[in-house]
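# Observations on the three-dimensional arrangement
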Amino acid sequence: MKVNIFRSLTSLVPKHFHGTQLWTLIPQEYKVSALLGVTEIDPKLIDAESVEKIKFCFSEYPDIREEIFPRLRKVRSNVSNPLNSSFLSCILSSLSIKDRDLSWTEWLRKNTENVVKDISKLISRWKTSGIVLSDSDCLLAEWLMWILSTTNRTLRDNATKALYEFGRHRPNKLFELTLKSSTINDPYIFERMLATSYGVSLDIVGGELNESKYHGMLTWLVNNLFKNFYLQPISYSTHFIIRKAVNDIILVANKILPVKERIKVPPSKLLPQIKWGSINWDRKLNHPFHMDFENYTIGRLIPDRANYNYDHPEYKHVKEQMLWRVLDLGWSDNDFGKVDSQISSGQHHHRISSSNDKIDRYGKKYSWIAYDEIAGVLIDQGKLEADWDCASSEIDFSFPVLAEHQDMITDEILELDVESDSDWLTRQVPEVINKQLINVDSTCKVLLDGLIEKEVHSSKRKIFVFVRGYFIKNAELSDFIDQFKDSEFSSSLLPEKPDLRNTSLKEYVLKEQDESDFVSHIDFEIGS
């Protein structure tokens, strides 16, 4: 009852006392509660002094941040409320990456279930074609932008997907948010905002968004990206993934720009760069590098190093630079040790975790940031090849519409009707397998790559077939077949598949491909 009366007074006092707020009239011990109650009153009654006071309390009293976030969530999309998502951006932008992760990102982790529901609803709404998005939708997109700081991989991927769907309706607003995110001190956010803008850019250039106004929006984005990224100092200039995303957006936009307006990307080593320090590894400071990351992941940055060679001079130097950057970002065992242990424990004991999502430690997040940034430095120094590639992304940032799952093989491939095992073993490849390699219906489908496998324990039969498909020129087909029949076949003779890691489907369609990247050569060994 007392709480309800207090809440009612918070709303009634400014209404009947000419805008005077309750929190200005009551004893100090009740002021914060009354001040936070301002988030629930009629937006017309919220004055500038209260807004500034909430901002002050958020900055000075970290313990109340976790109470502020759910209140702001309720009013995030209210255009007339001065405490909407724009206010959230204001207060979160003022924090260091460490303080933001310990408050906001932790609040996201603890409230994942509700946040996931919010994102699912937005994806469903924004995937609908023909809808007109309002300013409230733009505020929701701004709120989603801040979710990209999360270390919950599924949550981060879903927020990225939702922002992409939003951007297909409002490219201009998505592009504005992307440029805004370049000023945020967390690369996790800018990196994914660039990914969403790249996906929308592919749709514009590829013709899915084919109105001329969209071309103007994309032109605006690339001109500002170029100016912000290449013409002035920025802390992200060596970040390998961010740099690649900026370049990719510019290159795809050049396809629709007049020749004279196309942007030439300068060599990355000419970019303004942050000054790197290093910390002597022999000091044995607490660090967040777990064994596999320390050995294998960091080891990928040193091409001539053997695994487990921890004394390699260049490897040790790079690791010391990365440790400096991790600490520079704000990670410390004192601040993050406890929560990182909780996250690791939850990942290893799913029965005590409310979700099966993969959640990274904050130490892992800061380690990845340092890794991606030092990769750019090493490329600029010529210690890594310019086309060095990072680990594959787990999602396609062009977000293609995927075909529904189908059971392509419906026949019995173990041929259980053949009673004798000896007869079955001596047969050629079952005809049902051959039928699957080329499926002729309304559209001809050719199986280019895959694994067909089945086992029935009761019959003690098992079969597996690796499929590797190639297109062969008609003029060469007859000769190829003859040589194949006469050769001693071994799967080791087959050439490796083209490496298309980190190439989105729509990017592959639009990109001017070098045919040599996809030509395979097979050598036959005939005779002894």
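All values derive from a computational prediction rather than experimental measurement.

Turning next to the overall build of the chain. Assigned secondary structure in the chain consists of 21 helices and four strands. In the chain, which comprises 528 residues, the share counted as buried stands at 44%. Accessible surface, the chain as shown: approximately 29,300 Å² in total, 51% of it carbon and sulfur.

Taken together, the side chains of Glu476, Asp479, Asp482 and Asp486 define an acidic patch exposed on the protein surface. Assignment of secondary structure puts Asp486 in helix H20 (residues 474–486).

What follows concerns helix H7 (residues 112–126). End to end, H7 covers 21 Å across 15 residues, agreeing with the expected 21 Å (1.5 Å per residue, within 8%). What H7 keeps buried is the set Thr112, Val115, Asp118, Ile119, Leu122, Ile123 and Trp126. One side of H7 carries all its buried residues, which in axial view fall inside an arc of 135°. In H7, the exposed residues that point more than 90 degrees away from the buried face are Glu113, Lys121 and Ser124.

Moving on, we get to the environment of Ile147. Looking at the element boundaries, Ile147 is found in helix H8 (residues 135–147). For Ile147, a relative accessible area of 0% gives the class buried. Sequence separation of Ile147 and Thr160 is 13 residues, and the distance between their C-alpha atoms is 9.1 Å. Discounting chain neighbours no more than four positions away, the residues touching Ile147 are Trp104, Leu108, Val115, Ile119, Leu155 and Ala159.

What follows concerns the packing of helix H6 (residues 97–110) against helix H17 (residues 362–380). Where H6 contacts H17, the two axes come as close as 12 Å, and the packing angle between them is 135°. The orientation of H6 with respect to H17, classified from their angle, is oblique. Judged by the twist between their axes, the crossing of H6 over H17 is right-handed. Here H6 contributes Ile97, Lys98, Asp101, Thr105 and Glu106 to the contact with H17, which in turn contributes Tyr362, Lys365, Tyr366 and Ile369. A per-class count over the contact of H6 with H17 returns four nonpolar, one polar and four charged.

Within a regular strand, side chains alternate between the sheet's two faces. Note: strand E3 (residues 449–456) against strand E4 (residues 461–468), eight bridges, orientation antiparallel. Bridge pairing in E4 links Glu455 to Lys462. Counting the residues between successive antiparallel strands, the hairpin from E3 to E4 contains four residues, one of them, Lys460, with a positive phi of roughly 60°.

Moving on, we come to helix H14 (residues 291–299). Turning to H14, its buried residues number three or more, namely Phe293, Glu294, Asn295, Thr297, Ile298 and Gly299. Against helix H15 (313–329) and H17 lie the buried residues of H14.

Attention shifts here to the environment of Ile343. One can find Ile343 in helix H16 (residues 333–348). Sequence spacing of Ile343 and Arg109 is 234 residues, and the spatial spacing of their C-alpha atoms is 9.6 Å.

This part takes up the packing of aromatic side chains. Per the counting criterion, the structure on display carries 22 aromatic pairs. Judged by centre distance (5.3 Å) and plane angle (35°), the ring pair of Phe226 and Tyr230 falls under tilted. Taken together, the residues span about one helical turn, with Phe226 and Tyr230 both in helix H12 (residues 212–230) at a distance of four residues. Aromatic side chains Trp281 and Phe289 sit 6.0 Å apart centroid to centroid with 5° between the ring planes, which places their arrangement in the stacked category. Within the aromatic cluster, the residues linked to one another by ring pairs are Phe240, Trp281, Phe289, Phe293, Trp368, Tyr371 and Trp388. Across from the ring centre of Tyr315, 4.0 Å away, lies the NZ or CZ of Arg305, which sits over that ring.

Before going further, it helps to spend a moment on a nonpolar patch on the surface. There is a patch of nonpolar side chains on the surface, built from Val446, Leu448 and Phe471 and spanning about 310 Å² of accessible area. Residue position: Val446 is located in strand E2 (residues 444–446). Exposure remark for Val446: the relative accessible area of 40% places this residue in the partly exposed category.

The full count for this structure, using the stated rule, is 29 salt bridges. Lys55 serves as the salt-bridge partner of Glu52, at 3.2 Å between the closest nitrogen and oxygen. With Glu52 and Lys55 both in helix H3 (residues 48–60), this residue pair falls three residues apart, about one helical turn. Using a relative accessible area of 44% as the deciding quantity, one classes Glu52 as partly exposed. Residue Asp380 pairs with Arg243 through a salt bridge whose shortest N-O separation is 2.9 Å. Pair noted here: Asp380 is in helix H17 and Arg243 is in helix H13 (residues 240–253), with a separation of 137 residues, a long-range link. Exposure class is identical for Asp380 and Arg243. Each is buried. Here the salt bridges share partners, and the residues they tie into one network are Glu40, Glu67 and Arg71.

Chain-level statistics for the chain give a pLDDT mean of 86 and a share of 86% at 70 or above. Taken together, the stretch residues 350–354 has pLDDT below 50 and engages in four contacts with residues farther than four places along the chain or on a different chain.

What follows is about the nonpolar core. The biggest cluster of nonpolar side chains holds 88 residues, and the ones touching the most others in it are Leu88, Trp104, Ile119, Trp126, Leu144, Ile147 and Leu218. Broken down by element, this core gets its largest block of residues, ten residues, from helix H11 (residues 187–206). Judged by nonpolar contacts, the second largest core, of 34 residues, contains Ile302, Tyr366, Ile369 and Trp388.

What follows is about the side chain of Thr150. Mapped onto the elements, Thr150 comes out in the loop between H8 and helix H9 (153–169). Exposure remark for Thr150: the relative accessible area of 3% places this residue in the buried category.

Thresholds applied
Residues numbered from 1 in each chain as written. Predicted model: local features only at pLDDT ≥ 70, side-chain atom pairs only at ≥ 80, totals over all residues. Heavy atoms only, no water. Helix = DSSP H or I, 4+ residues; strand = E, 2+ residues; numbered from the N terminus. Buried < 20%, exposed > 50% of the residue type's maximum accessible area, 1.4 Å probe, protein only. Areas by Shrake-Rupley, 256 points an atom, 1.4 Å probe, with all protein chains shown as cover. Patch = residues over 30% accessible without salt bridge, like charges linked within 9 Å, V, L, I, M, F, W, Y side chains within 5 Å. Salt bridge = Lys/Arg side-chain N within 4 Å of Asp/Glu carboxyl O. Lys, Arg positive; Asp, Glu negative; His and termini not counted. Charge placed at Lys NZ, Arg CZ, Asp CG, Glu CD. Expected span 1.5 Å × (residues − 1). Arc of directions from axis to C-beta. Contact = heavy atoms within 4.5 Å. Axes fitted to C-alpha atoms, helices over the stretch in contact; angles between N-to-C directions. Parallel < 35°, antiparallel > 145°, perpendicular 65-115°, else oblique. Left-handed = near helix turned anticlockwise from the far one by under 90°. Nonpolar A, V, L, I, M, F, W, Y, C, P; charged D, E, K, R; others polar. Pairing = 2+ DSSP bridges. Phe/Tyr/Trp six-rings, centres within 6.5 Å; stacked < 30°, edge-to-face > 60°. Lys NZ or Arg CZ within 6 Å of the ring centre and 35° of its normal. pLDDT = per-residue confidence, 0-100. Core = buried A, V, L, I, M, F, W, Y, C linked by side-chain atoms within 4.5 Å.

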